[in-house]
Amino acid sequence: MKSFLDMLENRVSLRRYKDKDIKPSDLNKIIHSAMRAPTAGNLMHYSILVIKNKEKKKILSESCDNQSFIAQAPVILIFLADLQRMYDYFEVCDLKKYCENNNMRFKNPNLASLFLGAGDAFIAAQNAVIAAESLGIGSCYIGDLIENYELKKDLFNLSQYTMPLVMLTFGYYPDDFKKRKSNRFNKEYIVFKEEYRRLDEKELIDMYKRREERIRPDNKLNAENFGQYIYKKKIDSKFFEEMERSLKLMVIDWLENRE
Ligand SMILES: Cc1cc2nc3c(=O)[nH]c(=O)nc-3n(C[C@H](O)[C@H](O)[C@H](O)COP(=O)(O)O)c2cc1C
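Note that the structure is a prediction, hence the values are computed from the model and not measured. (Residues numbered from 1 in each chain as written. Predicted model: local features only at pLDDT ≥ 70, side-chain atom pairs only at ≥ 80, totals over all residues.)

*Asks:* Honestly, the overall build of the protein chain in this entry has me stumped. Any pointers?
*Replies:* A tally of helices and strands in the protein chain yields twelve helices and four strands. Over its C-alpha atoms, taken along the principal directions, the protein chain stretches across nearly 70 × 45 × 40 Å. At a minimum sequence separation of 6, the contacts of the protein chain that also span at least 24 residues come to 80%. (Helix = DSSP H or I, 4+ residues; strand = E, 2+ residues; numbered from the N terminus. Contact = placed C-beta atoms within 7 Å.)

*Asks:* Would you mind going over the sheet that holds strand S4 (residues 162-172) with me for this structure?
*Replies:* Strands belonging to one sheet form pairs held by backbone hydrogen bonds; the direction of such a pair is parallel or antiparallel. The sheet built from four strands is open, its strands ordered S1-S2-S4-S3 with antiparallel pairing. Among the strands making up the open sheet, the edge pair consists of strand S1 (46-51) and strand S3 (137-141). On average, each strand axis in the sheet is inclined to that of its neighbour by 25 degrees, with strand direction left out of account. (Pairing = 2+ DSSP bridges. Axes fitted to C-alpha atoms, helices over the stretch in contact; angles between N-to-C directions.)

*Asks:* Which parts of the structure should I look at to understand unusual backbone geometry?
*Replies:* If a residue is not glycine, its phi is most likely negative; likewise, a peptide bond is most likely trans. For Asn42, which is not glycine, the phi dihedral falls at a positive 55 degrees. With respect to the helices, strands and loops of the structure, Asn42 is situated in the loop between helix H2 (24-35) and S1. Residue Asn42 is classed as exposed on the basis of its C-beta count, with 6 C-beta atoms lying within 10 Å. Unusually for a residue other than glycine, Asn157 sits at a positive phi of about 55 degrees. (Buried ≥ 20, exposed ≤ 12 C-beta atoms within 10 Å, placed from the backbone.)

*Asks:* Sorry, what's going on with the nonpolar core here?
*Replies:* Considering soluble globular proteins, one finds that nonpolar side chains tend to be buried as a cluster. If you look at the biggest cluster of nonpolar residues, it comprises 44 residues, and the most contacted ones within it are Leu77, Phe79, Ala121, Ala125, Ala128 and Leu168. Taken together, the elements giving at least two residues each to this core come down to H2, S1, strand S2 (75-82), helix H7 (111-134), S3, S4 and helix H12 (238-255). Considering every element that reaches this core, the biggest residue donor is H7, with eight residues. The contacts of Ala125, once residues within four sequence positions are left out, are Ala34, Phe79, Val166 and Leu168. (Core = buried A, V, L, I, M, F, W, Y, C linked by C-beta atoms within 7 Å.)

*Asks:* Would you mind going over the site of the ligand with me for this structure?
*Replies:* Val12, Ser13, Arg15, Gln67, Cys140, Tyr141, Ile142, Gly143, Asp144 and Ser182 make up every residue found near the ligand. Across the shell around the ligand, the residue classes break down as four nonpolar, four polar and two charged. (Near = placed C-beta within 6 Å. Nonpolar A, V, L, I, M, F, W, Y, C, P; charged D, E, K, R; others polar.)

*Asks:* What am I meant to see in H12 here?
*Replies:* Think of an α-helix as turning once every 3.6 residues; residues three or four places apart then point the same way. With 18 residues, H12 ought to run about 26 Å at 1.5 Å a step, and its terminal C-alpha atoms sit 26 Å apart, in line with that. Residues of H12 that are buried make contact with H7, helix H8 (149-155) and S4. (Expected span 1.5 Å × (residues − 1).)

*Asks:* What should I look at first to understand H2 in this one?
*Replies:* Helix length check: H2 (twelve residues) gives 16 Å between terminal C-alpha atoms against 16 Å at 1.5 Å per residue, within 8%. Listed in full, the buried residues belonging to H2 are Leu27, Ile30 and Ala34. Buried residues of H2, seen end-on, are gathered within an arc of 60 degrees and therefore sit on one face of the element. Away from the buried face of H2 by more than 90 degrees, exposed residues Ser25, Asn28 and His32 are located. In this structure, the buried residues of H2 make contact with S1, S2 and H7. (Arc of directions from axis to C-beta.)

Right, here's the structure in full:
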């Protein structure tokens, strides 16, 4: 039997799936494991949407930078940072009256609560990834979830204090799957003893060397090194611009006081 560390070592982002539904018992285990993740204040400031509907998956695949494999995944989980539930409960608990009677200002969810909810959502998601892996089910994060907020808000009936931050596709590994691990940067450039250290020019060039080797000399981006390549491909891309626009809207929605 594979050890837990072997499993972490060999996990990859899976973007092609066996044509087989995920067993309800497996999906339950994945969701249960997500809910066992650490959570700030043990308050679980997140919600999980389970998406199996074909039409919704198609819309997601198109609205998440046209990644067609998303539509092929048997199950998608979306993790929302969620303060709506707590604030609805506060209403049930007569919090505004309580604040008035006790000389306190009633405070709506703020950036700190968003940060904790976002942390909760990501941590729960990673538990789901590991649980799935242990069941022979691969997964892939989809960062492009945060694009096209207006569409997603409508599609998933989101309310003010629910923010769609993490999306994962799930499916069994296909029988003919050949694992190809992606490389990681050297530990010396990522892990520092006791305090942060900026890397010097030589270290930076060395760190990105292996990525640079993979750029074709005839790349269409006109890039001479990995820095130029990744800047053009990501930072200067349309999808990154859309992420920024959409995320700003989400944050404004969250912070806007609608008492
Ligand atoms: C926050 C986040 C967003 C990601 N978004 C995408 C995505 O939109 N599409 C995709 O194919 N992979 C996405 N990935 C997967 C990464 O590309 C992948 O983790 C990375 O290339 C390392 O490969 P590995 O997971 O196989 O080790 C995302 C990963 C993370 C953590």
